[in-house]
Amino acid sequence: MENTQITGYTEVTMRIMHLKQEKIRQEDELNDALKELVYNLSPVSMVKQSLHQLAHDREVQFDLTKIGLNLGANFLIDRILGKNSSLKGFLSALLVEKVSASFINNNLSVIISGIRRLINRNSTNGSNQ
C-alpha cells in the first residue's frame with residue numbers, strides 16, 4: 001500500500017474513489033479464484049481431468065482397444081452362432097469366443113496396423129475420386 005500525503009478535500013475524495021475501485025477489482029479477482037477452486041474440487045471435473053489424462057496414455061489406449069475388439073467379436077459370435085437359442089449354440093459360441101479372445105490378445109498390434117492400413121487406403125481412395 002502506498003502512502004501519499006493528502007492536503008485537501010478533493011485529494012481525499014479522489015483517494016477514496018481510487019480505493020473503492022481497487023476494492024471492487026480485488027473482490028472480483030477473489031470471486032474468480034474461488035469459482036476456479038470450486039470447479040477444480042468438484043468430483044465431476046476431477047473425473048474428467050483423470051479421463052483426459054488416461055486417454056493420452058498408450059497402455060490405456062491399447063487396453064481399451066483390446067476390450068473393444070473382444071466385445072465386438074463376442075457380439076458377432078453370439079449373433080451368428082445363436083448363443084441363446086440352444087445348448088449347442090451356447091457351447092460353440094463359448095468355444096469360438098475363447099479362441100477369438102486369445103487370437104485378439106496375442107495379435108493386437110497386427111490387427112491395429114491392419115485396420116490403420118484399411119482406413120488409410122480408404123481415405124486416399126476417397127480423396128482421389
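Draft legend 1. Fine view of the confidence of the model for the protein chain. Of all residues in the protein chain, 95% have pLDDT values of 70 or greater, and the mean over the chain is 85. Within the protein chain, helix α5 (residues 108–128) has the poorest average pLDDT of any element, 80, and helix α1 (residues 9–41) the best, 91.

Draft legend 2. Broad picture of the environment of Glu11. Relative to the helices and strands, Glu11 is located in helix α1. Placed 106 residues apart in sequence, Glu11 and Arg117 show a C-alpha to C-alpha distance of 76 Å. Setting aside chain neighbours within four positions, we find Glu11 in contact with Gln5 and Ile6.

Draft legend 3. Quick peek at the pattern of salt bridges. Per the counting criterion, the structure on display carries 3 salt bridges. For Arg25, the salt bridge is made with Glu22, and the minimal N-O distance between the two is 2.2 Å. One end of the pair, Arg25, and the other, Glu22, are both in helix α1, 3 residues apart, so they sit about a helical turn from each other. Judged by relative accessible area, which is 36%, Arg25 ranks as partly exposed. What makes Glu22 partly exposed here is its relative accessible area of 25%. As a salt-bridge pair, Lys23 and Glu27 come within 4.0 Å of each other at their nearest N and O atoms. Residue Lys23 and its partner Glu27 are both found in helix α1; the two are separated by 4 residues, about one turn of the helix. According to the relative accessible area criterion, Glu27 is partly exposed, its value standing at 39%. What you see here is one network of salt bridges that share partners, running through Glu22, Arg25 and Glu29.

Rules and cut-offs
- Per chain, the residues get numbers from 1 upward, laid out in the order the sequence is written.
- In keeping with the predicted nature of the model, local features appear solely for residues at pLDDT of at least 70, side-chain atom pairs appear and are counted solely at 80 or more, and the whole-chain, interface and lining totals rest on all residues.
- As a rule here, side-chain values come from all non-hydrogen atoms in the structure, and water together with hydrogens is ignored.
- Every residue is assigned a pLDDT by the predictor, reflecting its confidence on a scale from 0 to 100.
- Per the convention used, a helix needs a DSSP run of H or I reaching at least four residues, while a strand needs a run of E reaching at least two, with both numbered from the N terminus.
- Note on definitions: a residue-residue contact is assigned when non-hydrogen atoms from the two residues lie within 4.5 Å.
- Counted as salt bridges are all cases of a side-chain nitrogen of Lys or Arg within 4 Å of a carboxyl oxygen of Asp or Glu.
- Partly exposed residues are those whose accessible area sits between 20% and 50% of the maximum for their type, while under 20% is buried and over 50% is exposed, using a 1.4 Å probe and protein chains only.

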